[in-house]
Amino acid sequence: MEYVAVIGAGTMGNGIAHTFAQSGFKVHLIDVNMDALEKGVQTITTNLNRMVAKEKITDQQKEDTLKNINLFTSMKAGVKDTNLVVEAATENVALKLKIFKDLDEACPKTTILATNTSSISITQIAAVTSRPEQVIGMHFMNPVPLMKLVEIIRGYNTSDAVTSTIMALSKTLGKAPVEVNDYPGFVANRILMPMLNEAIETLYNGVAGVHEIDTVMKLGMAHPMGPLQLADFIGLDVCLSILNVMYDGFKNPKYAPCPLLVNMVMAGKLGVKSGEGFYDYSQNKKAEIISKQFLN
């Protein structure tokens, strides 16, 4: 497997492209917006520079990695002759279904189609293609170049051969793949998101403040980051979307998003990406936000 296409140049997409390119693969990074592609390459370059400074890679390895990445604004041109496509677009069901329908028409018949979705059904995505046995989930963790885990999600029709190929491929990237089955939230988010939601409920119910909740989980449970800070890092809109997917999929009230989370997203307080969530990132001061403003 030599040529890999990555759909989407955002946070996850550029991280996935970086990881494949650094492992020697020829990567076609595809996005409809050239500005997004150039921003993605800037992010990859910054991360590579940081690795060089820490003596984790050499200057030559950095240059070789960047040479392995080619940019495309045309999906049809970008996926031509690729062995694998990894979709890393926005976590939106309608958008992903359209992308996979288009990929199925544009890609060679032997190409494996993977999605980096963190919660959407692989089986549903595969159903819009003529090759459901070749559709699989590759859920990378953020930041992709540093995090070892990759959830490998089998759809209802995903073949054993494709699963084995992607498991082995993940290991060549220096990752630790874990095979899971296709149910809402898979494993990572099925466990993580209810915990984050419960932390938000704890704040919403006035049990403790932002700093206190995060401190308890960091010092008491040895979590490297408190749940509210982690939610900010993930993006509160992303957390809400994943919780809604699980709530719709299971029809179980334990997955219902906290009203405070819903209100914050409606107010545009999305965490790090918007400069404000449970913490204030506007001047990198990470000062606590007074959450009472959301409770009134």
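Above this note sits the structure.
Residues numbered from 1 in each chain as written. Predicted model: local features only at pLDDT ≥ 70, side-chain atom pairs only at ≥ 80, totals over all residues. Heavy atoms only, no water.

> Help me understand the overall build of the protein, please; the structure alone is not making it clear to me.
In terms of regular secondary structure, the protein is built from 13 helices and ten strands. Taking 2.2 N^0.38 as the reference for a compact globule, 296 residues should give roughly 19 Å; the C-alpha atoms of the protein span a radius of gyration of 20 Å, in line with that estimate. Projected onto its principal axes, the C-alpha coordinates of the protein cover approximately 55 × 45 × 35 Å. Evaluated residue by residue, the protein yields a buried proportion of 46% over its 296 residues. Pairs at least 24 apart in sequence give 65% of the contacts found in the protein among residues at least 6 apart. Split by element, the accessible area of the protein, about 14,200 Å² in all, is 54% carbon and sulfur. (Helix = DSSP H or I, 4+ residues; strand = E, 2+ residues; numbered from the N terminus. Rg over C-alpha atoms; globule rule 2.2 N^0.38 Å. Buried < 20%, exposed > 50% of the residue type's maximum accessible area, 1.4 Å probe, protein only. Contact = heavy atoms within 4.5 Å. Areas by Shrake-Rupley, 256 points an atom, 1.4 Å probe, with all protein chains shown as cover.)

> What is the right way to look at the side chain of Thr-115 in this model?
One can find Thr-115 in strand β5 (residues 112-115). Thr-115 sits in the buried class, given a relative accessible area of 0%. Engagement of the side chain of Thr-115 in a polar contact is seen with the side chain of Glu-87, the distance being 2.5 Å. The residues touching Thr-115, leaving out its near neighbours within four places in the chain, are Glu-87, Lys-96, Phe-100, Ile-122, Ile-125, Ile-136, Gly-137, Met-138 and His-139. (Polar contact = N/O pair within 3.5 Å; in protein donor to acceptor, adjacent residues only side chain to side chain.)

> Any chance you could explain the packing of aromatic side chains here in plain terms?
Where two aromatic rings form a pair, the distance of their centres and the angle of their planes describe that pair. Tallied over the entire structure, the rule returns three aromatic pairs. Taken together, a centroid distance of 5.4 Å and an interplanar angle of 80 degrees make the contact between Phe-20 and Phe-25 edge-to-face. According to the relative accessible area criterion, Phe-20 is buried, its value standing at 0%. Since its relative accessible area comes to 10%, Phe-25 is described here as buried. (Phe/Tyr/Trp six-rings, centres within 6.5 Å; stacked < 30°, edge-to-face > 60°.)

> Looking at this structure, I do not really get the pairing of strand β8 (residues 176-181). What am I missing?
Side-chain positions along a regular strand alternate between the two faces of the sheet. Of the pairings in the sheet, the one linking strand β7 (residues 149-154) to β8 comprises six bridges and is parallel in character. Bridge pairing in β8 places Leu-149 opposite Ala-176. Note on the crossover from β7 through helix α7 (residues 160-172) to β8: the handedness is right-handed. (Pairing = 2+ DSSP bridges. Right-handed = clockwise from strand over helix to strand, strands pointing away.)

> Explain the packing of helix α10 (residues 227-234) against helix α11 (residues 236-250) here, please?
For any two helices packed against each other, the geometry is given by the interaxial angle and the distance between the axes. The geometry of α10 relative to α11 is characterised by a closest axis approach of 5 Å and an angle of 95 degrees between their N-to-C directions. It follows that α10 is roughly perpendicular to α11 by the angle criterion. The residues of α11 that touch α10, namely those facing Ala-231, Asp-232 and Ile-234, are Leu-236, Val-238 and Cys-239. When the residues that make up the contact of α10 with α11 are grouped by side-chain class, the tally is five nonpolar, no polar and one charged. (Axes fitted to C-alpha atoms, helices over the stretch in contact; angles between N-to-C directions. Parallel < 35°, antiparallel > 145°, perpendicular 65-115°, else oblique. Nonpolar A, V, L, I, M, F, W, Y, C, P; charged D, E, K, R; others polar.)

> Help me understand the packing of helix α1 (residues 11-22) against helix α2 (residues 34-53) in this model?
Two elements in contact, α1 and α2, have axes separated by 9 Å at closest approach and are oriented at 55 degrees. Compared by their axis directions, α1 and α2 come out oblique. Seen along the crossing, α1 lies across α2 with a hand that is right-handed. Between α1, through Asn-14, Ala-17, His-18 and Gln-22, and α2, the contact on the second element is made entirely by Gly-40, Thr-43, Ile-44, Asn-47, Leu-48 and Met-51. Split into classes, the residues belonging to the contact of α1 with α2 amount to four nonpolar, six polar and no charged. (Left-handed = near helix turned anticlockwise from the far one by under 90°.)

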